[in-house]
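Take a look at the letters that make up each chain.
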Amino acid sequence: MDRRVASVVLKAPVWRELASVTELAPLVLDDFGTVEARGVLAEVEVLVTGWGCPVLDAEVLGWAPRLRGVVHTAGSIKGHVTDACWARGVEVSSAAVANAVPVAEYTVAMVLLAGKRVLEAAREYKSARARGDWLWPDPLMGNYRRTVGVLSASLIGRRVIELLRPHDLDVLLYDPYVDEGEAAALGARKAELGEVFAVSDVVSVHAPLLEATRGLVSRELLAALRDDATVINTARGAVVDQEALTDEVRAGRLRAVLDVTEPEVLAADHPLWDCPNALLTPHIAGSQGNELDRLADFAIAEVRRWVAGEGFAHGVRRDRKEFLA
């Protein structure tokens, strides 16, 4: 993994835990082509990987004849795990389930804050500089019996639905791979994409970026949202038609909460920066700060299982790779 990532994910107690169950090579590799790296790869059986891991292709696997397991301390494994790994029989584990927790928490917080019109209220309150009679005049303000549309029953989407259960909200789920019974069991009602956008007060995007989902949230769907609705995106920027969303937000018709954009960092002169009804955050919904410790604990638990011969609790199957974020 990237050495900076290792410094915040693999803290001293993590190294000690890993060393207690393995013959640990206590170094970080960010380039598999060095003499040092090849010396380690010749002996390694399990790699603990993270953001910035070099690609594990057939050439690298040739330098690692004993490699049998990869434990990834982040979500997506697409950047470094190749088909050559599965062809070799290497088992792969991903911390996507652990990283889903803070993303879902961020999403639910934004759903509730959007309903309460917190950003707008704070701006007006600051402008007035006086408490006065603060009974907010907006009849659309509040979270009682509002409708939230969730796009995709991904790990994060499912967790969002679970966290929304205690609130007086109606939750719709769009996912072509989920039937009505499974949606109900999750705590949502299955709906087609058009219905989600036609009736939702908030739409939250959790679909992985695939060829089939690129531009999924189209100009037509955005136009179907009622005035004053909110679009939340914590998935990938390219799942949303960003130009269309920008037009709607600039016109003042929609709100947007975007933790991801396309490109990942917008140009300094992009109009979304200056839209008062758009909130842009720098991809912070995922694990940050002490939440990185959850990813490290995940890795320790998976390594312990593998060493004990129990297999990974969160293994990634080859046939699911194309459906992952």
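This text follows the structure it describes.
Just so you know, these numbers come straight off a predicted model, no measurement behind them. Just so you know, the residues in each chain are numbered from 1, in the order the chain's sequence is written. Where local features are concerned, this predicted model is filtered to residues with pLDDT of at least 70; where side-chain atom pairs are given and counted, the filter is 80 or more; whole-chain, interface and lining totals use all residues. Only heavy atoms go into the side-chain values, all of them from the structure, while hydrogens and water stay out.

Sheet architecture is open: seven strands sit in the order β6-β5-β4-β7-β8-β9-β10, paired in parallel fashion. The sheet is open, and its two edges are formed by β6 (189-190) and β10 (278-280), each paired on a single side. Across four bridges, the pairing between strand β8 (residues 230-233) and strand β9 (residues 255-258) is parallel. Within β9, the position partnered with Val231 by the bridge is Ala256. Strand pairing is defined by DSSP finding a minimum of two bridges between the two strands. Put simply, DSSP marks the helices as runs of H or I at least four residues long and the strands as runs of E at least two long, and each gets a number from the N terminus on.

This part is about the sheet that holds strand β2 (residues 69-72). Strand order in the open sheet formed by three strands is β1-β2-β3, with parallel pairing between adjacent strands. In this open sheet, the two edge strands, each paired with only one partner strand, are β1 (46-49) and β3 (91-94). Each strand of the sheet is rotated relative to its neighbour by a mean of 10°, with strand direction disregarded. Where β1 meets β2, four bridges bridge the pair, whose relative direction is parallel. All axes are obtained by fitting lines to C-alpha atoms, using only the stretch in contact for helices, and the reported angles, taken between N-to-C directions, cover 0 to 180 degrees.

Turning our attention to unusual backbone geometry. Glu262 connects to Pro263 through a cis peptide bond whose omega is 0°. Inspection of the secondary structure assignment puts Pro263 in the loop between β9 and β10. The phi torsion at Arg117 lies on the positive side, around 55°, for a residue other than glycine. Secondary-structure assignment places Arg117 in the loop between α6 (96-115) and α7 (118-128). With relative accessibility at 3%, the residue Arg117 sits in the buried group. For His283, which is not glycine, the phi dihedral falls at a positive 55°. Residue burial is assigned from relative accessible area. The probe radius is 1.4 Å, only protein chains are included, and a residue is buried under 20% of its type maximum, exposed over 50%, and partly exposed in between.

Our focus in this paragraph is the side chain of His270. Along the polypeptide, His270 turns up in the loop between β9 and β10. Residue His270 is classed as buried on the basis of its relative accessible area, which comes to 18%. A polar side-chain atom of His270 sits 3.1 Å from the main-chain amide nitrogen of Leu272. Here, residues are in contact when the closest pair of their heavy atoms is within 4.5 Å. The contacts of His270, once residues within four sequence positions are left out, are Gln242 and Thr246. Nitrogen and oxygen atoms within 3.5 Å of one another constitute a polar contact, given that in protein one can donate a hydrogen and the other can accept it, and given that sequence-neighbouring residues count only through two side-chain atoms.

A few words on the packing of α6 against helix α13 (residues 292-307). Remark: α6 packs on α13, axes separated minimally by 9 Å, with the N-to-C direction vectors making an angle of 160°. Between α6 and α13, the crossing angle belongs to the class labelled roughly antiparallel. For the crossing formed where α6 meets α13, the hand is right-handed. Contacts between α6 and α13 involve Val97, Ala98, Asn99, Val101 and Pro102 on the former and, on the latter, Arg294, Leu295 and Phe298. Angle categories are assigned with fixed cut-offs, so that under 35 degrees is roughly parallel, over 145 is roughly antiparallel, 65 to 115 is roughly perpendicular, and the rest are oblique. Should the near helix be turned counterclockwise from the far one by less than a right angle, the crossing is left-handed, whereas a clockwise turn marks it as right-handed.

Two numbers describe how α6 lies on helix α8 (residues 155-164): the axes approach to 8 Å, and their chain directions differ by 50°. Considered as vectors, α6 and α8 are oriented oblique to each other. Classified by chirality, the crossing of α8 by α6 is right-handed. Side by side, α6 and α8 meet where Ala96, Val97, Ala100, Val101, Val103, Ala104, Glu105, Thr107, Val108 and Val111 of the first sit next to Leu155, Ile156, Arg159, Val160, Leu163 and Leu164 of the second. Class assignment of the residues belonging to the contact of α6 with α8 gives a composition of 13 nonpolar, one polar and two charged. Only Asp, Glu, Lys and Arg are considered charged in this grouping, and only Ala, Val, Leu, Ile, Met, Phe, Trp, Tyr, Cys and Pro are considered nonpolar; every other residue, Gly among them, is considered polar.

Turning our eyes to something else, we now look at the pattern of salt bridges. Any Lys or Arg side-chain nitrogen found within 4 Å of a carboxyl oxygen on Asp or Glu counts as a salt bridge. Scanning all chains against the criterion turns up 19 salt bridges. With a shortest N-O distance of 2.7 Å, Asp201 and Arg226 are connected by a salt bridge. Residue Asp201 is located in the loop between α10 (193-199) and β7 (202-205), and its partner Arg226 is located in the loop between α11 (219-224) and β8; the two are separated by 25 residues in the primary sequence. For Asp201, a relative accessible area of 10% corresponds to the buried category. Assessed through its relative accessible area of 24%, Arg226 is described here as partly exposed. Of the charged contacts in the structure, one is a salt bridge between Arg305 and Glu310, with a shortest N-O distance of 3.7 Å. Taken together, the salt bridges that share partners define one network made up of Arg117, Glu120, Asp228 and Arg255.

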